[in-house]
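Residues per chain, in single letters:
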Amino acid sequence: MPKTDVPGITGISGPRLRWWTELPLIVLVYAAYSAGRLVVRGDVSSAIDHGVGILKAEQFLRIDAESPLNRLFTANAWIGVPADFWYASLHYLVTPAVLVWLFRSRAVHYRAARAWLMISTMIGLIGFTLLPTCPPRLLSKGYGFVDTMAQYSNYGWWGGEASAPRGLGGMTNQYAAMPSLHVGWALWCGVMLWRCGRTPLTRVAAVAYPLITTIVVMGTANHYLFDALAGAAVMGVGLLLVRPVQRLTEPVMDRLRARFLPSSVPSSATEPSIVSGGCQTSAGERIPRQRKQSVVPGTEPSARPADVGRPADAGEGAAAPAR
């Protein structure tokens, strides 16, 4: 099946990556991102104003799709409950699974794909800082939204504070709705599945996963449509920054690898060559080959090709054969 090239996500050569260096890097970046979400908690009143402003803009444009979707999810548990499980779990399962799959089976694309994901995530953190936004589920009841995570909390492990497990709501920033990285990460997964997948089923998953995730985040009243669009825009900006950021960071990474990782020596450099009597064997060669020697004018060559193979008694003084 033909591949669809994505600018910035082409194969990048470099030292072979090891899981014991990649895993700490990814954990460190995600920990910094999670801690950053908590640190940048903005003023609640400002977050509510931003949320109301986004909703009114969508209503003016008549694209407030989250309102009818939320009513559908609230009235039908057979839709709302699976949607809550989708929102609370797949965000944290599918993205790492795609990363591991790329690392193990599509290593040539992994380095750029990992950089794209990390850069976009950090851009999202900037969005949370500059524009804290109240999600639809936390608006007053007069706006008509129902928190489906709270409504169906008896079916899962979450409580009434986003997708956090019960009792751990204080460990999350509920006003980090703009942009939606649920949608952004799902889009990243879809692009990588489409780009690197080899089966029709992979292509179907590449389209379905980000599309269903977008519907879920709005139907559960966790995000507005504009949040979802902003999540896609963040991924687009992150993709454009992959190559410039890699050019800036690669020298630093090379120095770290040279300091902490053993350098690999090519196998050919470890095999000594055998030199004897003007003959030299190369790797895999059993019989020495006669090397041509350059003759400097005015000097006698150390050995002449005509002498090779002559009988020992056929020296310089040997009589010439009779004619």
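Our subject is the structure that appears above.
Everything numeric here is computed off the predicted structure, so don't read it as measured data. (Residues numbered from 1 in each chain as written. Predicted model: local features only at pLDDT ≥ 70, side-chain atom pairs only at ≥ 80, totals over all residues. Heavy atoms only, no water.)

Enquirer: Can you help me understand the nonpolar core in this one?
Expert: Nonpolar side chains tend toward joint burial in soluble globular proteins. Ranked by internal contacts, the top residues of the largest apolar core, which has 26 residues, are Val-98, Leu-102, Trp-116, Trp-188, Met-192 and Val-242. The element that contributes the greatest number of residues to this core is helix H5 (residues 107-130), accounting for nine residues. (Core = buried A, V, L, I, M, F, W, Y, C linked by side-chain atoms within 4.5 Å. Buried < 20%, exposed > 50% of the residue type's maximum accessible area, 1.4 Å probe, protein only. Helix = DSSP H or I, 4+ residues; strand = E, 2+ residues; numbered from the N terminus.)

Enquirer: I'm lost on the pattern of salt bridges in this one. Help?
Expert: Pairing between side chains becomes possible if they bear opposite charge and their charged atoms approach one another. Here the structure, examined in full by the defined rule, presents one salt bridge. Asp-147 is the salt-bridge partner of Arg-137, the closest N and O atoms lying 3.4 Å from each other. On the criterion of sequence distance, the pair formed by Arg-137 in the loop between H5 and helix H6 (148-151) and Asp-147 in the loop between H5 and H6 is long-range, its members being ten residues apart. Of the two residues examined, Arg-137 and Asp-147, each falls in the buried class. (Salt bridge = Lys/Arg side-chain N within 4 Å of Asp/Glu carboxyl O.)

Enquirer: Where do I start with a nonpolar patch on the surface in this structure?
Expert: Judged by side-chain polarity, Ile-126, Leu-130 and Leu-131 come together as a nonpolar surface patch covering roughly 290 Å² of accessible area. Structurally, Ile-126 can be placed in helix H5. (Patch = residues over 30% accessible without salt bridge, like charges linked within 9 Å, V, L, I, M, F, W, Y side chains within 5 Å. Areas by Shrake-Rupley, 256 points an atom, 1.4 Å probe, with all protein chains shown as cover.)

Enquirer: Explanation requested: the packing of helix H4 (residues 77-105) against helix H8 (residues 200-219) in the structure shown.
Expert: Any two packed helices are characterised by how steeply their axes cross, that is the angle between the axes, and by the distance between the axes. Packing of H4 against H8 leaves a shortest axis separation of 10 Å and a crossing angle of 130°. Classed by the angle they form, the pair H4 and H8 counts as oblique. Two packed elements cross with a definite hand, and for H4 against H8 that hand is left-handed. On the side of H4, the interface is formed by Ala-83, Trp-86, Tyr-87, Leu-90, His-91 and Val-94, while H8 contributes Tyr-209, Ile-212, Thr-213, Val-216 and Val-217. Here the residues of the contact of H4 with H8 are counted per class, giving nine nonpolar, two polar and no charged. (Axes fitted to C-alpha atoms, helices over the stretch in contact; angles between N-to-C directions. Parallel < 35°, antiparallel > 145°, perpendicular 65-115°, else oblique. Left-handed = near helix turned anticlockwise from the far one by under 90°. Contact = heavy atoms within 4.5 Å. Nonpolar A, V, L, I, M, F, W, Y, C, P; charged D, E, K, R; others polar.)

Enquirer: Help me out: how do you make sense of helix H2 (residues 44-61) in this one?
Expert: An α-helical segment advances 3.6 residues per turn. Residues three or four places apart therefore align on the same side. In this model H2 runs 26 Å from its N-terminal to its C-terminal C-alpha over 18 residues, within 8% of the 26 Å that 1.5 Å per residue would give. Turning to H2, its buried residues number three or more, namely Ala-47, Gly-51, Val-52, Ile-54, Leu-55 and Glu-58. The buried side chains of H2 occupy one side of the element, clustering within an arc of 160° when seen end-on. Residues of H2 that are exposed and point more than 90 degrees away from the buried face comprise Asp-49, Lys-56 and Phe-60. One or two steps after H2, the chain reaches Arg-62, where phi turns positive at roughly 60°. (Expected span 1.5 Å × (residues − 1). Arc of directions from axis to C-beta.)

Enquirer: So what exactly am I meant to see when it comes to H8 here?
Expert: For H8, which comprises 20 residues, the first-to-last C-alpha distance of 28 Å matches the rise-based estimate of 28 Å (1.5 Å per residue) to within 8%. Residues of H8 that are buried: Thr-202, Arg-203, Ala-206, Tyr-209, Pro-210, Thr-213, Thr-214, Val-216, Val-217, Met-218 and Gly-219. Note on H8: the residue one or two positions beyond its end, Ala-221, has a positive phi of about 65°.

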